[in-house]
Amino acid sequence: MDFNLTDEQRMLWDTLCRMVDNEYDINARHAHAESKCGFSRDMWSRLADMGVLAIPFAEENGGFGGGGVERMLVMEAFGRGLLLEPYLASIILGGGLVERAGDQAQRRRYLKPLLEGELLLAVAHQEPQSRYSATDVVTSAERCTDGFRLRGHKAVVFNGESAGRIIVSARIDGADGGGEGISLFIVDASSPGVHVRGYRSIDGGRTAEIELDNVAVDSSALLGEPGTGLVHLQAVHAHGASALCGEAVGIMEYMIDATLTYLKQRKQFGTPLASFQVLQHRVVDMRIQLEQARSMAILAATVDQAPEGERQVRVAAAKAFIGQAGRFVAEQAIQLHGGVGMTWEYALSHYAKRLVMIDHQLGDAEHHLEAVASP
């Protein structure tokens, strides 16, 4: 297998890295986080104008036909600057579900404004009791004369507060805890009975709790065939997990570079800390973890080319390893910086918090280790 990037992929990587390095420092991130929507609308529009939002979608749907490698490169560049923009929630997860499960009319209706940056999507699947179980869905969809009535509570909906449309998983039939009967619905966030309570997560991003109180939707809101939601969710979550692996690699690389720069500048007894061999060994250990994590992120990026039975294993193995590697790199970087590494003003602590959140998004290391170990 050829692991070299194509000219187009290298150009994408270089362009995004330059933009992030020049325009998205930690002070800009703080300002965006304090805004009403929790990210920069101007940056989102720029990403749309650059075509970045269209990268993961097929050409017939207005995209550029990008795959796992392109998703990894975009998220790795975003990780270097800790971008708050909802690329994962709106494009990879939300847009991915519409493209995969939607009919032609739904794709025409939602993908064009999504790719142009005018529409934001969020995926409401996780529930308070479900932890990481994809099948633990108690939100119900009751059939009625003109469509469905949705009732339930969705938890930790990333960027749910700013989304114009929310893709909700609900059970039409089947036993609680089973995969049968789970369906997907596109719900207008302003519909009567939709109650959204937004809050900030530990990494500075925005999440929400969403209550569905007898929300009426018509039959056109059903995304895909009834009862097929789990299959689509699992496929799109695999793409999301592989994208998170790429973001984590970008964050770890930044933290190692920042740590090495600090050790070269900080002096003890008149000597730069970088001259102490024991500290050099610790930086080398961090670099080894980074390169192993990069290899696992590449493995996860090949999920679309993997044999059917191997796809989930590849993603689970990568997510589990990168969750552990990210924790190691974050802890080492903070220790080598000393007290300054924990301060709000210094960027390092925010990168460490984002690594913690990445580990918990779409399943933590322990959850994915169990998936790999299961026969």
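Each remark here, short or long, concerns the structure printed above.
Residues numbered from 1 in each chain as written. Predicted model: local features only at pLDDT ≥ 70, side-chain atom pairs only at ≥ 80, totals over all residues. Heavy atoms only, no water.

Enquirer: Mind showing me how you'd approach unusual backbone geometry here?
Expert: A positive phi angle, close to 50 degrees, is found at V156, a residue other than glycine. Looking at the secondary structure, you find V156 in strand β3 (residues 147-158). The class of V156 is partly exposed, set by a relative accessible area of 30%. (Helix = DSSP H or I, 4+ residues; strand = E, 2+ residues; numbered from the N terminus. Buried < 20%, exposed > 50% of the residue type's maximum accessible area, 1.4 Å probe, protein only.)

Enquirer: What is the right way to read the state of the cysteines from this model?
Expert: As used here, a disulfide is simply a covalent bond connecting the sulfur atoms of two cysteines. Under the criterion given, the structure shown has 0 disulfides. With no disulfide partner, C245 has as its closest neighbouring cysteine sulfur the one in C17, 18 Å distant. (Disulfide = S-S within 2.5 Å.)

Enquirer: How should the packing of aromatic side chains be read in this particular structure?
Expert: Aromatic rings in a pair are described by how distant their centres are and how their planes are angled relative to each other. Under the definition given, this model contains 4 aromatic pairs. Residues F39 and W44 carry aromatic rings whose centres are separated by 6.3 Å and whose planes lie at 65 degrees to one another, so their mutual orientation is edge-to-face. Note on F39: relative accessible area 2%, which makes it buried. Centre to centre, the rings of F78 and Y87 are 5.5 Å apart; their planes meet at 85 degrees, and the pair counts as edge-to-face. Taking the relative accessible area as the measure of exposure, F78 reaches 4% and is therefore buried. Relative accessible area serves as the criterion here: at 1%, Y87 is assigned to the buried category. (Phe/Tyr/Trp six-rings, centres within 6.5 Å; stacked < 30°, edge-to-face > 60°.)

Enquirer: What am I meant to see in the nonpolar core here?
Expert: Side chains that are nonpolar tend, in soluble globular proteins, to be buried together. Formed by 86 residues in total, the largest nonpolar core has its most connected members in L16, L47, F78, Y87, M252 and M255. Per element, the largest residue contribution to this core is 14 residues, and it comes from helix α7 (residues 229-265). Aside from chain neighbours lying at most four places away, what touches Y87 is W44, V52, L53, I55, P56, V74, M75, F78 and I92. Grouped together as the second largest cluster of nonpolar side chains are 20 residues, V157, I166, V168 and I172 included. (Core = buried A, V, L, I, M, F, W, Y, C linked by side-chain atoms within 4.5 Å. Contact = heavy atoms within 4.5 Å.)

Enquirer: Is there a simple way to explain the side chain of S201 in this structure?
Expert: Take S201: it is sitting in the loop between β6 (194-200) and β7 (206-218). A polar side-chain atom of S201 sits 2.4 Å from a polar atom in the side chain of D203. The contact partners of S201, leaving out residues within four places of it in the chain, are R206, T207 and M357. (Polar contact = N/O pair within 3.5 Å; in protein donor to acceptor, adjacent residues only side chain to side chain.)

Enquirer: I would appreciate a short explanation of the pairing of strand β2 (residues 140-144) in the present structure.
Expert: A regular strand places its side chains so that they alternate between the two faces of the sheet. Examined bridge by bridge, β2 and β3 share 5 bridges and lie antiparallel to one another. Residue pairing across strands places C144 opposite G147, the latter belonging to β3. In this antiparallel pair of consecutive strands, β2 and β3, the connection spans 2 residues. (Pairing = 2+ DSSP bridges.)

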